[in-house]
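The residues making up each chain are set out below.
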Amino acid sequence: PARCHEEGGGRAVSGAAVHVSDQDNPGPSDGPLGAFSRAKFLGERVRWFRRLGMPAYLSYVSFANHGINHLPLFWLRHFFYRRLFLVRLGKRAFMGRDCLVFRPDLIRIGCGSHVLWGCVLDARRGLTIGENTSISFDSRIISLQHDLDDPGFMAVGGPVTIGNRVVIGANTTILPGVTIGDGAVIAAGAVVTKTVEPYAVVGGVPAQFIKWRNRALASPLGAPWSFPSGASVTPPPSSRARLTAAL
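The residue numbering used here restarts from 1 in each chain and proceeds along that chain's sequence as written. Totals for whole chains, interfaces and linings use all residues, but because this is a predicted model, local features are given only for residues with pLDDT of at least 70 and pairs of side-chain atoms are given and counted only at 80 or more. As a convention, hydrogens and water are excluded, and side-chain values are obtained from all of the structure's heavy atoms.

Participant: Hey, could you run me through the pattern of salt bridges in this one?
Facilitator: Side-chain pairs of opposite charge can arise where the charged atoms are in close proximity. The salt bridge criterion pairs a side-chain nitrogen of Lys or Arg with a carboxyl oxygen of Asp or Glu, the two atoms within 4 Å. Counting across every chain of the model gives 2 salt bridges. Between Asp105 and Arg103 there is a salt bridge, and its shortest N-O distance comes to 2.8 Å. For the salt bridge of Asp122 with Arg124, the shortest nitrogen-to-oxygen distance reads 2.9 Å. A relative accessible area of 3% places Asp122 in the buried class. Remark: exposure states derive from per-residue accessible area (1.4 Å probe, protein chains only) relative to the maximum for the residue type, with buried under 20%, exposed over 50%, and partly exposed in between.

Participant: Help me understand the packing of aromatic side chains in this model?
Facilitator: Both the distance between ring centres and the angle between the ring planes are used here to describe each pair of aromatic rings. Two rings belonging to Phe, Tyr or Trp (six-membered ring only in the last case) form a pair when the distance between their centres is within 6.5 Å. Interplanar angles under 30 degrees mark stacking, angles over 60 mark edge-to-face geometry, and anything in between is tilted. Scanning all chains against the criterion turns up 7 aromatic pairs. Centroid distance Phe63 to Phe85: 6.2 Å. Interplanar angle 40°. Geometry classified as tilted. Note that Phe63 is positioned in helix α1 (residues 31-66) and Phe85 in the loop between α2 (74-83) and β4 (88-89), a separation of 22 residues in sequence. The buried category is assigned to Phe85, whose relative accessible area is 0%. Secondary structure counts use DSSP, requiring at least four H or I residues in a row for a helix and at least two E residues in a row for a strand, with both numbered from the N terminus.

Participant: Explain the nonpolar core here, please?
Facilitator: What tends to happen in soluble globular proteins is that the nonpolar side chains get buried as a cluster. Counting residues in hydrophobic clusters, the biggest one holds 35 residues, and the most contacted among them are Met95, Ile109, Val115, Leu121, Ile162, Ile174 and Ile180. Looking at this core, the elements that each hand over two or more residues are β7 (107-109), β10 (127-129), β15 (160-162) and β21 (200-203). By the convention used here, residues are in contact when the closest approach between their heavy atoms is within 4.5 Å. Dropping the residues within four chain positions of it, Leu121 is found in contact with Met95, Leu100, Val101, Phe102, Ile107, Ile109, Val115, Leu127 and Ile141. Grouping buried Ala, Val, Leu, Ile, Met, Phe, Trp, Tyr and Cys residues that are joined through side-chain atoms within 4.5 Å yields what is termed a nonpolar core.

Participant: Where do I start with the sheet that holds strand β16 (residues 167-168) in this structure?
Facilitator: Sheets are built from strands that pair by backbone hydrogen bonding, the pairs being arranged parallel or antiparallel. Reading across the sheet, the 7 strands line up as β5-β8-β11-β16-β19-β21-β22 and stay open at both edges, with mixed pairing between neighbours. Edge positions in the open sheet fall to β5 (94-95) and β22 (208-212), since each of these has one partner strand only. What makes two strands pair is DSSP finding at least two bridges between them. Across 2 bridges, the pairing between strand β8 (residues 114-115) and strand β11 (residues 134-135) is parallel. Paired with Val115 across the two strands is Ile135, which belongs to β11.

Participant: Whenever I open this one, the layout of surface pockets confuses me. Can you help?
Facilitator: Empty pockets left among the atoms are what a rolling probe the size of a water molecule brings to light. The rule is simple: put a 1 Å grid over the protein atoms alone, call a set of points where a 1.4 Å probe fits but cannot get out a cavity, call an open set with protein on both sides within 12 Å along at least five of seven lines a pocket, and count a residue as lining if it has an atom within 4 Å of a point. Grid points are joined across faces, edges and corners, and a volume is the space filled by probe spheres set on the points. In this structure, the largest pocket spans a volume of roughly 190 Å³. Around the largest pocket, the lining residues are Tyr57, Leu58, Val61, Phe102, Arg103, Arg124, Arg125 and Leu144. If one sorts the elements of the lining of the largest pocket by residue count, α1 sits on top with 3 residues. Under the grouping applied here, Gly and all other residues not named as nonpolar or charged are polar, the nonpolar ones being Ala, Val, Leu, Ile, Met, Phe, Trp, Tyr, Cys and Pro and the charged ones Asp, Glu, Lys and Arg. Looking at the lining of the largest pocket residue by residue, the class counts come to 5 nonpolar, no polar and 3 charged.

Participant: Whenever I open this one, the sheet that holds β15 confuses me. Can you help?
Facilitator: Ordered by their spatial adjacency, 5 strands build an open sheet running β4-β7-β10-β15-β18, and the pairing between neighbours is parallel. The open sheet has two edge strands with one neighbour each: β4 and β18 (179-180).

Participant: Help me understand a nonpolar patch on the surface, please; the structure alone is not making it clear to me.
Facilitator: Residues enter patches when their relative accessible area tops 30% and they take part in no salt bridge; the joining distance is 9 Å for like charges and 5 Å for the nonpolar side chains Val, Leu, Ile, Met, Phe, Trp and Tyr. The accessible surface values rely on the Shrake-Rupley method and a 1.4 Å probe; as for residues, cover is taken only from the protein chains in view. On the surface, a cluster of nonpolar side chains totalling about 340 Å² of accessible area is made up of Leu73, Phe74 and Trp75. Take Phe74: it is sitting in helix α2. With a relative accessible area of 43%, Phe74 lands in the partly exposed category.

Participant: Teacher, can you tell me more about the pairing of β22 here?
Facilitator: Regular strands place side chains that alternate from one sheet face to the opposite one. Here 4 bridges tie β21 to β22, and the two strands are oriented antiparallel to one another. When the bridges of β22 are listed, Val202 appears paired with Phe209. Remark: 4 residues form the turn of the hairpin made by β21 and β22, two consecutive strands paired antiparallel; Gly204 in that turn has positive phi of roughly 105°.

Participant: What's the story with the confidence of the model for the protein chain in this structure? I'm lost.
Facilitator: It should be kept in mind that the predicted coordinates are not to be read in detail where pLDDT is low. A residue's pLDDT is the confidence the predictor assigns to it, expressed on a 0 to 100 scale. A residue-level look at the protein chain finds 66% of positions with pLDDT of 70 or above and a mean pLDDT of 77. Counting contacts from residues 1-30, a segment whose pLDDT is below 50, to residues more than four positions away or on other chains yields 28 contacts. Contacts for the low-pLDDT stretch residues 223-233, under 50 throughout, to residues beyond four places or in other chains number 10 contacts.

Participant: Sorry, what's going on with the pairing of β21 here?
Facilitator: Neither face of β21 is left uncovered, since the one carrying Ala200 and Val202 and the one carrying Val201 and Gly203 both have all their residues buried. One ladder, built from 2 bridges, connects strand β19 (residues 185-186) with β21; its direction is parallel. For Ile186, the partnering residue across the bridge sits in β21 and is Val202.

Take a look at the structure:
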């Protein structure tokens, strides 16, 4: 008759010359089979996310890009951007109609900054816009793109940071990972591929240095605190004053 006895965590069966140890029967969390099980489990979760989460997210973004952005009242657009899409809009900040947003929860726009009509704000890797910055029509800020030299055409990118008192002309493209310093000016139609120094004026494809901007200028949006200390500022006459003077 075969005699069975436990020895060293294994099991030996006399007469059959079979020895089974714990290493030959790995659990769900160790050994190559355990690693395969974990990878399979994670793969299933990713597949379920793609089946359920991605369509829900795309519908969520489509509602912002094909519904909210067409509302004619800016205060109503801003309400939905802040409350529903978690865009961090500062005081007196403005987002025009027909703007397209990606990952709106990673968009931060400082006080007094204006993003005009038809701009594309791609914040999949993060987008920060400083205070009193003007971004003109049809500009595109991109934080994620594809690596053309990668065999798998993998996505690469980086956060885009735009400083205070920056002026960005119409139809400008800013590529991933770019930082634009305070007071810089981007000429219309430029493609910015690298960091721009503060108060530099750049333009062209790709954008090249043109000249230095006057640091004593007011902000592009006329904020009173942006003038240098000691400067005397005379506000422009109001429409009523101009009408009175004309009469």
